[in-house]
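Here is how the chains run, residue by residue.
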Amino acid sequence: MLYFMFVATDTEPDRSGDEGIPIEQWVAENDERGTRVGGERLQPVRDATLVRVRGGETIVTDGPFTESKEWIAGYDILDCRDLDEAIEVASRHPMARGGRIELRPYWNGVEDE
């Protein structure tokens, strides 16, 4: 099952001193396991561009979509057996300690009931 993993900053990081593994090691391990399909770090939020269409007019705004202290720093696409494996993979990512990780399954075309 494919999961999109948002990697976001957090105003309340873990301060236990356990930094976990370096990001390069996390990437290498999950590439080798085949659980990481792809991913990339993103430019800072100051480089974001918001695009909307309202009343037939395209409106382009500099900056992020929302006013927030947290922002998406990167993403990864995971291919895992199930949510439990995706959680295990995400929990080892360094930003699980210093930020936030959101896992979202790819759309399967079926509406929730």
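As the structure is a computational prediction, the values presented were derived from the model and not from experiment.

In terms of nonpolar packing, the biggest core is built from 10 residues, these being Tyr3, Met5, Val7, Ile21, Trp26, Leu78, Cys80, Ala86, Val89 and Ala90. At the level of elements, β1 (2-9) and α2 (83-91) are the ones that each hand at least two residues to this core. Not counting the four nearest positions on each side in its chain, Cys80 is found in contact with Met1, Tyr3, Thr35, Glu85, Ala86 and Val89.

Quick look at the pairing of strand β4 (residues 57-62) now. In summary, the side chains of a regular strand alternate between the two faces of the sheet. In terms of burial, β4 is largely open, as just 0 of its 6 residues are buried. Relative to β4, strand β3 (residues 49-54) runs antiparallel, the two sharing 6 bridges. Bridge assignment links Thr49 to a residue of β4, and that residue is Asp62. Connecting β3 to the next strand, β4, in antiparallel fashion are 2 residues, including Gly55 with a positive phi near 60 degrees.

Reading the values: rules and limits
- Residues numbered from 1 in each chain as written.
- Predicted model: local features only at pLDDT ≥ 70, side-chain atom pairs only at ≥ 80, totals over all residues.
- Heavy atoms only, no water.
- Core = buried A, V, L, I, M, F, W, Y, C linked by side-chain atoms within 4.5 Å.
- Buried < 20%, exposed > 50% of the residue type's maximum accessible area, 1.4 Å probe, protein only.
- Helix = DSSP H or I, 4+ residues; strand = E, 2+ residues; numbered from the N terminus.
- Contact = heavy atoms within 4.5 Å.
- Pairing = 2+ DSSP bridges.

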